[in-house]
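Fold and contact review
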Amino acid sequence: MSLPAAFHEIAKRVNNWGRWGQDDEIGTLNLVTDEVVRDAVATVRTGHRVPLAVDLEQDGVQTGMIPGRVNPLHVMVQINQELFGPGTVATSDDAVTFGLQAGTHWDALTHVSHSGRIYNGRPAATITPHGRSEFSGIHTARHLVSRGVLLDVAAAKGLDRLPGDHAVTPEDLDEAADFGGVTVRPGDIVLVRTGQMRLYAAGDRHGYAFPSPGLSVRTPEWFHARDVAAVANDTLTFEIFPPEIEDLWLPVHALDLVEMGMLQGQNWNLESLSTACAQERRYAFLLSAMPEPFVGATGTPVAPVAVL
């Protein structure tokens, strides 16, 4: 089934192809300038650091719903081995196998395609089994430190967690910005809290995965209008799941990643950050969220830290 005309109309309005040149591979990360980073550093007042990643473990957030996206399988390959002879210093080493998007992660711009294309109009066929992503692999996003803004949609509505069928709208984002007393600026990394992570923290992996609140197909235009650099949230699927429009699967992924060239992140634990922002009465902070540079990969684990 082809994508509907309404999708293509939104795509035209948020499209950034060629905006930073035909050779560009990083999209909206171009908006994170030196000046933006200097301003981000100026948000730090107390030095309070809040980690935002879920633990990487075999019993992690993946339930098998997404084929091949396996939780980490961690094994020891050396245990107290005296490599240089008896009585010498002993070492222990590990190895791990897991889906790069299994835990807290960034989606690369190549994570999805539509109509045979990826970001900047390149052919989706440039992603191959052995060559991986020829363009816009996650390794091209060399650094990501900027001002972070928490849009606590659940708290703005007086809720611990949004209902599973709630599609986060531009109006919800405006409400959360007003609640936090923040104005989203060019180059910001926006974190959208739904409270869905509370289910995972309570041990309900399947309830966390489905059904899930998430971003509406209307939100990419909101982010585009404000020149947001990247967006992450506290759900498995990022956008509302099941979809708000019947049989239109992952439209927000396609608009954000393919059309806009904007990184998006999932499975971010925003609960402690929600508490810290409420206590300090401010919702902007320095955010370090460096992608791991897996060459040609379509996503990467990340261990983000907000510094207030």
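Residues numbered from 1 in each chain as written. Predicted model: local features only at pLDDT ≥ 70, side-chain atom pairs only at ≥ 80, totals over all residues. Heavy atoms only, no water.

Some thoughts on the sheet that holds strand S12 (residues 263-266)
Pairing is mixed in the open sheet, where nine strands are placed in the order S1-S15-S13-S7-S9-S11-S12-S4-S14. Looking at which strands have only one partner, the edges of the open sheet turn out to be strand S1 (49-51) and strand S14 (299-301). Across the sheet, the mean angle separating the axes of adjacent strands is 25 degrees when strand polarity is ignored. Note that strand S4 (residues 105-107) and S12 share three bridges and pair antiparallel. (Pairing = 2+ DSSP bridges. Helix = DSSP H or I, 4+ residues; strand = E, 2+ residues; numbered from the N terminus. Axes fitted to C-alpha atoms, helices over the stretch in contact; angles between N-to-C directions.)

Quick notes on the side chain of Thr-104
On the secondary structure map, Thr-104 appears in the loop between strand S3 (91-97) and S4. The buried category is assigned to Thr-104, whose relative accessible area is 3%. A polar contact of 2.7 Å, which involves the side chain of Thr-104, links it to the backbone oxygen of Asn-267. Leaving out residues up to four positions away in the same chain, Thr-104 has contacts with Leu-52, Ala-53, Val-54, Gln-266, Asn-267, Trp-268, Thr-300, Pro-301, Val-302 and Pro-304. (Buried < 20%, exposed > 50% of the residue type's maximum accessible area, 1.4 Å probe, protein only. Polar contact = N/O pair within 3.5 Å; in protein donor to acceptor, adjacent residues only side chain to side chain. Contact = heavy atoms within 4.5 Å.)

Observations regarding the nonpolar core
Counting residues in hydrophobic clusters, the biggest one holds 66 residues, and the most contacted among them are Trp-106, Leu-191, Phe-223, Trp-268 and Leu-273. Considering every element that reaches this core, the biggest residue donor is helix H8 (residues 251-260), with six residues. Those residues in contact with Leu-191 that sit more than four places away from it in its chain are Leu-52, Val-149, Leu-150, Leu-151, Ala-232, Trp-268, Leu-270, Leu-273, Phe-285 and Leu-287. Val-54, Val-61, Tyr-200 and Tyr-208 belong to the second largest nonpolar core, which has eight residues in total. (Core = buried A, V, L, I, M, F, W, Y, C linked by side-chain atoms within 4.5 Å.)

Looking at the environment of Asp-160
The residue Asp-160 is located in the loop between helix H3 (153-156) and strand S8 (167-168) in this model. Through-space distance from the C-alpha of Asp-160 to that of Glu-271 is 9.6 Å; in sequence the pair is 111 residues apart. Leave out the neighbours within four places in its chain, and Asp-160 touches Ala-154, Arg-193, Thr-194, Gly-195 and Arg-198.

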